[in-house]
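The primary structure of each chain is shown beneath.
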Amino acid sequence: MLHANKLIPQGRGLAAVLLKRAASIELDWAVRSKYHFEATDSQGRHVGVSLPDGSVMRGGDVLVAEDGTLVRVLAAPQPVLFVRPCPQHGSAFDLLRAAYHLGSRQVPLQLAPDHLKLEPDPVLARLLDAMQLIVSEEQAAFEPEADVGAAQHAGHAHGDHHAHGHAHDHAQATPSPQPHVHGPGCGHGHGHGHGHDHHDHDHDR
């Protein structure tokens, strides 16, 4: 068995030829969020992983075994809920509002400009549907936002600190007008012609 206790984020500093030759290991988020586990790589070898607490393993990272063997980490497709704004009655602000409510529940969440991704949960799916969002279950890699403090503790912070010289004059900043949120009680008729396609799936954690 290979014993891996080191992780190189995105294989930074490694030659491309080494990464191309390296075996890979495909893991869903439930496994990648653990610090200690065993798996089988693409060459059929058993790999025992033991990383420092607080480590965040992402697709594209590289595990380093005690003998120097490299194993590329791939994010396995898994069931996820895609959350998108309603094109007829919604806006991108609806996603921001949904992210706020999900964050208050400490739900692992992947953010994108036009959608959110989270693990299947029937209660959350109904909540999001009631917020006039389109919810659908699909198969995709899941890379939720990491806790910044934990990532820095595990050495995943950027090694070079960028000194941004932008002069932000906050005293002269004017607040943006609050956007109108479509939803229950807003006074607009929401004749949703689309189906909110979500499936109830229990967590298999």
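The coordinates are above.
Residues numbered from 1 in each chain as written. Predicted model: local features only at pLDDT ≥ 70, side-chain atom pairs only at ≥ 80, totals over all residues. Heavy atoms only, no water.

A word on the sheet that holds strand 8 (residues 110-112). Where strands meet in a sheet, backbone hydrogen bonds hold them as pairs that are either parallel or antiparallel. Spatially, the four strands line up as an open sheet ordered 8-9-7-10, and their pairing is antiparallel. The open sheet terminates on both sides in strands that have one partner only, identified here as strand 8 and strand 10 (133-140). Averaged over all pairs of adjacent strands, the angle between strand axes in this sheet comes to 25 degrees, irrespective of strand direction. As defined by bridge partners, strand 7 (residues 78-85) adjoins strand 10 across eight bridges and the pair is classed as antiparallel. For Gln78, the partnering residue across the bridge sits in strand 10 and is Ala140. Together, strand 7, strand 8, strand 9 (115-118) and strand 10 form the strand contacts of helix 3 (residues 92-104), whose direction differs from that of strand 9 by roughly 25 degrees. (Pairing = 2+ DSSP bridges. Helix = DSSP H or I, 4+ residues; strand = E, 2+ residues; numbered from the N terminus. Axes fitted to C-alpha atoms, helices over the stretch in contact; angles between N-to-C directions. Contact = heavy atoms within 4.5 Å.)

What follows concerns the side chain of Asp41. Along the chain, Asp41 falls in the loop between strand 3 (36-40) and strand 4 (46-50). A polar contact is formed between the side chain of Asp41 and the backbone nitrogen of Gln43, at a distance of 2.9 Å. In this structure Asp41 touches Leu2, Ala23, Ser24, Ile25, Val47 and Val71, once residues within four positions along its chain are discounted. (Polar contact = N/O pair within 3.5 Å; in protein donor to acceptor, adjacent residues only side chain to side chain.)

For the rest of this paragraph, the subject is helix 4 (residues 122-130). Because each turn of an α-helix spans 3.6 residues, side chains separated by three or four positions end up pointing in the same direction. Among the residues of helix 4, Pro122, Leu124, Ala125 and Leu128 are the ones counted as buried. Viewed end-on, helix 4 has its buried residues packed into an arc of 160 degrees, placing them on one side of the element. In this fold, the buried residues of helix 4 make contact with strand 7, helix 3, strand 9 and strand 10. Its side-chain oxygen 3.0 Å from the backbone nitrogen of Val123, Asp121 forms the N-cap of helix 4. (Buried < 20%, exposed > 50% of the residue type's maximum accessible area, 1.4 Å probe, protein only. Arc of directions from axis to C-beta.)

Within this structure, the stated rule accounts for four salt bridges. Here Glu143 makes a salt bridge to Arg32, at a shortest N to O gap of 3.0 Å. With Glu143 in the loop between strand 10 and helix 5 (148-153) and Arg32 in helix 2 (residues 29-32), this pair connects stretches of sequence that are 111 residues apart. Residue classification places Arg32 among the buried residues on the basis of a relative accessible area of 1%. (Salt bridge = Lys/Arg side-chain N within 4 Å of Asp/Glu carboxyl O.)

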